[in-house]
Amino acid sequence: MIPIAYWRNRKLYTRLIGSRCKKCGAEYFPPVKVCKKCGSTEIEEKEMPKTGTIVSFTKLTEPPVDFKDYAPIYLAMIRLDNGILVLGQLADAESEEIKIGARVMATIRKWTEDGQSGIIYYGYKFKII
Amino acid sequence: MRLNSAILGYGAYVPKYRISTEEIARIWFGEGSGPNRMKAVASYDEDALTMAYEAASIALKMAKYPEIEAILVGSESKPYAVKPMGSILSDIFGFNKILGVDLEFACKGGTEAVQMISGMITSGVIKHGLAIGSDTAQGRPADDLEYTAASGAGAVVLGQPNGNEIAKITHSVTFVTDTPDFWRRPKEHYPTHLGRFTGEPAYFTHIMSSVKLLFEETGYKPSDFNYAIFHQPNPKFPVEVGKRLGFTDEQLKPGLLNDELGNSYSANTLVALNAVLDVSKPGDKILLSSFGSGAGSDTFVIEVVSKPDDDDYIPLREKLKKYVEIDYATYSKWRNKIIR
Amino acid sequence: MSKVYIKSVGLVPVGEHWNKSLTDLMVEASLNALKNAGNVKIDRIIVGNMMSGYLNNQEHLGALLASALGMKGIDSLKVEAACGSGGMAVHEGYVSIKSGEFENVLVVGVEKMKDADTSVLTKALAMAESAEFTQVVGASFISLNALLMKMYMNRYNVQEDHLDIFPVIAHKNAVTAPHAQFKKAFTIEDVKRSPYIAEPIRLLSSAPSSDGAAAVLLSSKPADVEILASEVSTNELMLSQRENPLKFEATEKAFKKAVEKSGIDSSKVDFLEIHDAFPIVAAVSLEAMGYSEEGKAAHDAAKGKYNFEGDLPILTFGGLKARGHPVGGTGVYQVAEAYMQLSGTAGKNQVQGAKVGVTQNVGGIDTTSIVHIMRKVS
């Protein structure tokens with residue numbers, strides 16, 4: 001992972017800060033610079049709701065190299081309560097029965113770290129509520 | 001010290017996983033168990049920071065998000081040796097004009113944070129602060145302390161008393177000596193301790209000295225308190241020290257958690273405080289005495305003023321009912337005890 | 001504007017080539033194509049490739065190939081569109097000739113994947129989606145496809161093993177394909193015995209990692225096969241940003257445009273090389289092109305529609321699953337295979353009387369869709 005790229009987006013990753021189009025009201029996560037619905041560039045920051053529902057999920061046994069130590073990784077598509085679809089990991093998934101339709105809440109966990117001497121990447125994961 | 005700070009919000013976070021001490025004993029001795037039944041184990045993607053975030057989130061919500069001017073986190077398992085958790089929590093919570101530093105005094109880092117922030121509030125230097133104790137305690141394999149070295153976080157939002165607070169902190173004392181009962185050198189992964197020496201000369205001497213100091217300063221006696229919380233390194237010590245000091249089982253019981261959770265080190269007494277505040281009533285008095293190896297003890301007088309006003313708040317013991325037991329292999333993998 | 005013909009093709013058999021470097025692969029395919037073309041002077045080289053930088057420490061592939069072929073001075077470039085890099089390279093070659101700027105363009109698709117550890121490869125392939133928001137949460141390309149597959153299964157009440165018909169079709173066709181990586185047929189039961197990589201996608205339902213290179217020589221001068229249309233469309237980069245992730249609108253649009261441009265009757269296509277990276281992609285691609293109704297592709301496949309002897313043969317040499325998937329090379333392999341079908345040089349894999357063929361190559365998950373329609377020049 002790239003520390004400075006992470007730093008740039010750290011608030012997005014820990015607080016789910018996305019965008020809202022000032023013109024048509026459409027909301028986005030990840031943030032956008034151009035509204036996909038109306039094309040406006042008048043965009044403001046908007047913190048996303050932290051609760052949602054599982055739309056799909058999987059258990060990845062072969063993660064990419066930066067996450068190798070954390071296999072298996074539980075990933076899900078979550079429909080947040082404002083209608084937006086977000087991709088994220090599930091926290092404490094190994095001990096839960098995961099179902100499409102289950103309610104989840106965003107929390108902060110360690111995504112990965114750059115070895116013993118690198119930084120720790122903290123970000124959102126969803127836990128079943 | 002006469003303090004005049006208020007608890008405006010409190011919260012605790014205990015990871016959902018447990019390992020039984022029977023399972024630990026099975027691996028190392030083929031039989032037996034520890035002094036406690038189970039301990040809480042942080043998942044592989046949790047650390048002192050993530051747990052501090054969880055506990056603080058609950059406390060901040062209960063306190064209705066005041067402008068925080070100091071975030072002090074006590075821990076002996078800091079994710080970074082250099083880079084305080086306050087710096088990370090600053091951007092997570094959106095409080096950038098803060099004093100944000102990590103504190104270490106073994107298991108009393110959390111209560112040190114409470115003292116220091118209370119001091120800043122009492123003297124009027126700040127209006128609101130966040131005191132946290134959080135640890136993923138490292139238990140040396142096959143050592144006695146492996147049974148109890150656990151994970152957890154406790155947080156309190158402190159501010160100026162105004163009559164609407166949940167509780168007031170009216171006094172604190174601290175008692176410190178140079179006592180090498182338990183320590184950790186910088187490059188060591190696990191702490192080292194001197195066995196039975198951690199009992200009388202360390203735990204008992206410091207807690208009793210600190211509590212007696214408080215009694216002298218304030219004129220309070222055990223019967224003035226509805227609850228007593230003592231640092232819980234194992235299930236027996238707090239009960240024993242309570243007895244010696246003249247407290248009853250009823251005063252201690254609501255705060256006893258070691259049997260099911262183990263010892264969350266810097267979070268220990270703050271998590272117990274959470275459990276007690278959940279059941280206490282306005283007008284109740286709580287004595288809280290922490291112990292940090294090295295060694296020292298902080299003792300507080302806490303007066304309950306009102307119940308929390310938060311519809312979403314779930315009492316700690318309710319949350320603790322749901323947990324998942326793991327085996328030693330999973331525990332080893334998650335707590336990084338396996339060389340790859 | 002010129003017409004665009006395929007003059008010749010050259011293929012390296014897809015597989016694990018410990019002794020062939022990225023350059024070796026490109027050169028071998030190129031020399032094959034040039035030899036098969038006879039005396040043709042090429043005026044442009046286009047290399048399609050996705051991961052040469054991250055996996056092989058090599059960029060600047062256009063100039064590299066020109067140098068290696070002793071052709072310094074020539075116009076050359078690298079084209080990248082994730083797993084659609086090959087198809088995009090063919091598209092760029094088509095546009096080069098159609099515009100009248102170039103006469104003979106050598107298009108080479110190549111990927112050298114086997115020098116890398118699986119987990120490194122997994123990271124590289126995930127670069128098809130967002131670095132800032134997909135890769136950081138630890139998602140892999142396969143996991144995204146798995147999430148999509150589960151949505152599909154849930155929406156249309158289709159089981160995992162219904163969709164496994166596609167790898168079975170692929171492998172059956174590859175048995176007689178000389179350049180295929182896997183020449184062994186298997187059954188749905190075989191697929192189900194293999195472990196999950198990202199449930200519900202298994203090892204045997206997932207396209208392999210491969211080394212390979214394919215070259216096609218495009219020309220403005222008439223030859224045996226003509227490219228009637230080369231169309232590209234794109235979808236939102238991130239699956240989660242799509243209003244309906246189950247709708248492959250890029251494939252739908254590219255196919256529609258290509259059918260219009262070429263003037264063919266899409267119901268009279270003789271074979272179809274689809275981007276069968278995973279069964280879910282095969283199924284939804286067929287549905288997006290209108291060959292099956294939504295949710296029904298696996299059902300139609302089970303009925304034999306897409307078998308070699310069926311109404312619309314797909315994956316005639318094994319597709320991504322069995323012929324193999326050297327990522328940047330795949331799109332060019334597809335076009336080369338279409339050439340073989342339409343020029344009657346497909347050997348044991350010949351679709352009898354093939355006159356019109358379609359290839360669909362995709363970068364990401366329907367993120368960039370490239371459709372080519374080709375015909376036999378009578």
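Model, not experiment: these values are computed from the prediction.

Chemist: Looking at this model, I keep getting lost on the overall build of chain B. Mind explaining?
Modeler: Helix and strand counts for chain B stand at 11 helices and 14 strands. Across its three principal axes, chain B shows a C-alpha extent of roughly 55 × 45 × 40 Å. Residues classed as buried in chain B amount to 61% of the 340 residues present. When contacts within chain B are restricted to residue pairs at least 6 apart in sequence, long-range pairs at least 24 apart make up 77% of them. Only carbon and sulfur atoms are counted for the fraction: they give 53% of the accessible area of chain B, which is about 13500 Å². Here chain B carries 36 positive and 42 negative side-chain charges, and the mean point of each set is 1 Å from the other.

Chemist: Looking at this structure, I do not really get the interface of chain C and chain A. What am I missing?
Modeler: Accessible area lost during the coming together of the parts is what is often quoted as the interface size. Contacts between chain C and chain A engage 34 residues on the former and 35 residues on the latter. With both sides pooled, the region where chain C packs onto chain A buries about 2900 Å², and carbon together with sulfur makes up 63% of that total. Area buried by chain C at its contact with chain A is led by Phe133, Val137 and Leu147 of chain C, which between them contribute 22% of it. Note that glutamate 236 of chain C is salt-bridged to lysine 36 of chain A, the shortest N-O span being 2.9 Å. In this structure, the connection of chain C to chain A is made through 12 residue pairs in polar contact (both at pLDDT 80 or more). Going through the elements one at a time, helix H5 (118-125), helix H6 (141-156) and strand E5 (196-198) of chain C are the ones with two or more residues in the side of chain C that touches chain A. The biggest single contributor to the side of chain C that touches chain A is H6 of chain C, with 7 residues. Looking at the side of chain C that touches chain A residue by residue, the class counts come to 16 nonpolar, 11 polar and 7 charged.

Chemist: Would you mind showing me how to read the interface of chain B and chain A here?
Modeler: At the junction of the two partners, chain B supplies 23 residues and chain A supplies 21 residues. Carbon and sulfur atoms make up 44% of the area that chain B and chain A hide from each other, which totals about 2000 Å². Scanning the region where chain B abuts chain A turns up 8 salt bridges. The partner of arginine 109 of chain A in a salt bridge is glutamate 46 of chain B, with the nearest N and O atoms 3.6 Å apart. In this assembly, chain B and chain A are joined by 17 residue pairs in polar contact (both at pLDDT 80 or more). Broken down by secondary-structure element, the contributors of at least two residues to the side of chain B that touches chain A are helix H2 (48-62), helix H3 (85-93) and helix H11 (328-334) of chain B. At 4 residues, H2 of chain B tops the list of elements feeding residues into the side of chain B that touches chain A. A class-by-class count of the residues in the side of chain B that touches chain A yields 11 nonpolar, 3 polar and 9 charged.

Chemist: What exactly am I supposed to notice about the side chain of serine 90 of chain B here?
Modeler: All names here are of chain B. One can find serine 90 in helix H3. For serine 90, a relative accessible area of 9% translates into the label buried. A distance of 2.5 Å separates a polar side-chain atom of serine 90 from the backbone oxygen of serine 87.

Chemist: Looking at this model, I keep getting lost on the arrangement of the chains. Mind explaining?
Modeler: Contacts are most numerous between chains A and C, considering all 2 pairs of chains that are in contact. No interface is formed between chain B and chain C, the nearest pair of C-alpha atoms being 12 Å apart.

Chemist: For this particular structure, what's the right way to read the pairing of strand E11 (residues 227-230) of chain B?
Modeler: Consecutive residues of a regular strand have side chains that alternate between opposite faces of the sheet. Residues and elements named next belong to chain B. Burial along E11 is two-sided: Tyr227 and Ile229 facing one way and Ala228 and Phe230 facing the other are all buried. Direction of pairing for E11 relative to strand E12 (residues 285-289): parallel, over a ladder of 4 bridges. Its bridge partner being in E12, phenylalanine 230 is matched across the sheet by serine 289.

Chemist: In this structure, what is going on with the domain arrangement of chain B? I would like to understand it.
Modeler: Residues and elements named next belong to chain B. When cut into domains, chain B gives domain 1 (2-166 + 315-334) and domain 2 (169-304). The distance between the C-alpha centroids of domain 1 and domain 2 comes to 16 Å. Counting residues at the interface gives 55 residues for domain 1 and 56 residues for domain 2. When the two sides are added together, the surface that domain 1 and domain 2 hide from each other amounts to roughly 4300 Å², 58% of it contributed by carbon and sulfur. Where domain 1 packs against domain 2, one counts 3 salt bridges. For arginine 37, the salt bridge goes to aspartate 259, with nearest N and O atoms at 3.2 Å.

Chemist: Would you mind going over helix H4 (residues 109-122) of chain B with me for this structure?
Modeler: Side chains of residues three or four places apart in an α-helix project in the same direction, reflecting 3.6 residues per turn. Residues and elements named next belong to chain B. Between the first and last C-alpha of H4 there are 20 Å, a value that for 14 residues agrees with the 20 Å anticipated at 1.5 Å per step. A large share of H4 lies buried, amounting to 11 of its 14 residues. All buried positions along H4 are accounted for by Gly109, Gly110, Thr111, Glu112, Ala113, Val114, Gln115, Ile117, Ser118, Met120 and Ile121. After H4 finishes, the residue glycine 124 shows a positive phi value of roughly 85°.

Chemist: How should H6 of chain C be read in this particular structure?
Modeler: All names here are of chain C. With 16 residues, H6 should cover 22 Å at 1.5 Å per step; its first-to-last C-alpha distance of 23 Å lies within 8% of that length. Of all 16 residues making up H6, 13 are buried, and the element is well covered by its neighbours. Phi turns positive, to about 55°, at asparagine 157, one or two residues after H6.

Chemist: I would appreciate a short explanation of the sheet that holds strand E3 (residues 38-41) of chain B in the present structure.
Modeler: Residues and elements named next belong to chain B. Read from one edge of the open sheet, 3 strands run E3-E2-E14, paired in mixed fashion. Lying at the two open borders of the sheet, with one neighbouring strand each, are E3 and strand E14 (324-325). Looking at chain direction, strand E2 (residues 17-20) and E3 are connected through 4 bridges and run antiparallel. Residue pairing across strands places tyrosine 17 opposite valine 41, the latter belonging to E3. Here helix H1 (residues 21-29) sits on the sheet and contacts E2 and E3; the angle it forms with E2, its principal contact strand, is near 50°.

Chemist: Sorry, what's going on with the packing of helix H1 (residues 22-37) of chain C against helix H3 (residues 61-68) of chain C here?
Modeler: Helix-helix packing: each pair is described by the crossing angle between the helix axes and the interaxial distance. Residue and element names in this part refer to chain C. Across the interface, H1 lies against H3 with an axial gap of 10 Å and an inter-helix angle of 60°. In this structure, H1 meets H3 at a crossing whose hand is right-handed. Judged by residue contacts, Leu22, Thr23, Met26, Val27 and Ser30 of H1 engage Leu61, Leu64, Leu65 and Ala68 from H3. Here the contact of H1 with H3 is composed, by residue class, of 7 nonpolar, 2 polar and no charged.

Calculation criteria
- Residues numbered from 1 in each chain as written.
- Chains lettered and ligands numbered in written order.
- Predicted model: local features only at pLDDT ≥ 70, side-chain atom pairs only at ≥ 80, totals over all residues.
- Heavy atoms only, no water.
- Helix = DSSP H or I, 4+ residues; strand = E, 2+ residues; numbered from the N terminus.
- Buried < 20%, exposed > 50% of the residue type's maximum accessible area, 1.4 Å probe, protein only.
- Contact = heavy atoms within 4.5 Å.
- Areas by Shrake-Rupley, 256 points an atom, 1.4 Å probe, with all protein chains shown as cover.
- Lys, Arg positive; Asp, Glu negative; His and termini not counted.
- Charge placed at Lys NZ, Arg CZ, Asp CG, Glu CD.
- Buried area = accessible area lost by both parts, 1.4 Å probe.
- Salt bridge = Lys/Arg side-chain N within 4 Å of Asp/Glu carboxyl O.
- Polar contact = N/O pair within 3.5 Å; in protein donor to acceptor, adjacent residues only side chain to side chain.
- Nonpolar A, V, L, I, M, F, W, Y, C, P; charged D, E, K, R; others polar.
- Pairing = 2+ DSSP bridges.
- Domains from an automatic or database assignment.
- Expected span 1.5 Å × (residues − 1).
- Axes fitted to C-alpha atoms, helices over the stretch in contact; angles between N-to-C directions.
- Left-handed = near helix turned anticlockwise from the far one by under 90°.

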